[in-house]
Amino acid sequence: MSDDQWTFSQQFSTRFASESTNLSTRINDAKAAGTVSNETLAEFSTELSKLSKELADAIGSLPTYDQKGHENQLKSIGSLLESLRKASQPVSKFAFKRKPAAPRATPVVCEEASAPTSSTVASPSSSYLVAIASLANQVVAIDSAPTTAKDLTISDLTNCVVNLLDHTSISAVHVRNVRNTVILLPLIQSTIMMHDMENCIITVGCHQFRMHTSHDVDVYLAISSNPIIEHCSKIRFSGYPATLYNASQVPESKHMAVQDFSHIKATPSPNWSALPRDDEIQEWPLTKPLDAFLANVYQDDDKDDGPC
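These remarks concern the structure in this document. (Residues numbered from 1 in each chain as written. Predicted model: local features only at pLDDT ≥ 70, side-chain atom pairs only at ≥ 80, totals over all residues. Heavy atoms only, no water.)

## Overview of the pattern of salt bridges
Put simply, the rule is: Note on definitions: salt bridges are taken to be side-chain nitrogens of Lys or Arg within 4 Å of carboxyl oxygens of Asp or Glu.
Following the criterion strictly, the structure yields eleven salt bridges and no others. Within the structure, one salt-bridge network assembled from shared partners comprises Arg15, Glu19 and Glu54.

## Description of the pairing of strand E8 (residues 191-206)
Residues in a regular strand point their side chains to alternate faces of the sheet. Rules: The classification of residues rests on relative accessible area computed with a 1.4 Å probe and restricted to protein chains. Under 20% of the type maximum is buried, over 50% is exposed, and intermediate values are partly exposed. Only runs of H or I of at least four residues qualify as helices and only runs of E of at least two qualify as strands under DSSP, and these elements are numbered from the N terminus. For two strands to be treated as a pair, DSSP must find at least two bridges joining them.
Counted residue by residue, E8 has 14 buried out of 16 residues, so it is predominantly covered. When strand E6 (residues 170-179) meets E8, the two strands line up parallel, connected through six bridges. Residue pairing for E8: Arg176 is matched across the bridge by His195. Strand direction decides the pairing type here: strand E7 (residues 182-187) and E8, joined by four bridges, are parallel. What sits directly across from Ile183, in E8, is Ile202. Note that E8 and strand E10 (residues 215-223) share eight bridges and pair parallel. From the neighbouring strand, Cys200 faces E10, where its bridge partner is Val217.

## Thoughts on the nonpolar core
Most often, soluble globular proteins have nonpolar side chains that are buried together. Where we set the bar: In this description, a nonpolar core means a group of buried Ala, Val, Leu, Ile, Met, Phe, Trp, Tyr and Cys residues linked to one another through side-chain atoms lying within 4.5 Å. Note on contacts: a residue pair qualifies if any of its non-hydrogen atoms lie within 4.5 Å across the two residues.
Within the largest apolar cluster, 37 residues are counted, with the highest numbers of intra-cluster contacts made by Ile192, Phe209 and Met211. Of all the elements, E8 adds the most residues to this core, at seven residues. Excluding anything up to four places from it in sequence, Met211 contacts Met194, Met197, Val217, Val219, Ile228, Ile229, Glu230, Cys232 and Ile235. Grouped together as the second largest cluster of nonpolar side chains are 17 residues, Phe12, Phe16, Leu41 and Leu84 included.

This is the structure in structure tokens:
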């Protein structure tokens, strides 16, 4: 490591540790105080996402040991925030469940549950960061396209649909703690980093794809480099849907050249596979209205599946 890299590493680690400790303390204080507003939860989620982005940007300039330590700090803060969120919000009857006969990561809603409601997120004109955080049972969109490239953070979502297909100015995406959710993204300009996803569907085109500590996720991907997963299981990959491209030609993609950092062996990784053709979603929002698409994704549960 050069002197410049060593200096950067020391400065980064000191600042990162200070900001992480401060955020952890504030989350713990909020939990001790009792009920927390959605605005406060969103603020904490945004700060955690900013720390995640800073660490992602510093990868390559930090020693492996320091990098792992910082990742563990973020994971600990994420657990604290999830505990706070659960303690502050009422339990919803809306739920996703996989049908035993259909093993794809398609969310299912129980008959007595209400349908998700629509929500829009304002796109700030000055900030480099757009945050979608701390939502449940929502169909989410950004109300207007950013005029310049911006980073997007998506965190602490449950039972949601995030449809940002029209927003092509997104630079990088950071996803954390998302469950039972459909995320529809366009071809973004840089990187997508994901942590703690469970039972989700995501479409995205990007230059770099990294997924950590996630399971039961179907990924529709266009990528020019090898996708990377780590500490994941039951991840299924397919190509980015041709109907979602704005271009006339579909670029070549390496979405099946997945590298599993948890399986550094000559044998195939058991943690990911190709998404079978029969399990792929065939009709997307650009070929039919979003409501009709959701009707296919959100299905009425039947008696054979039991109660939620």
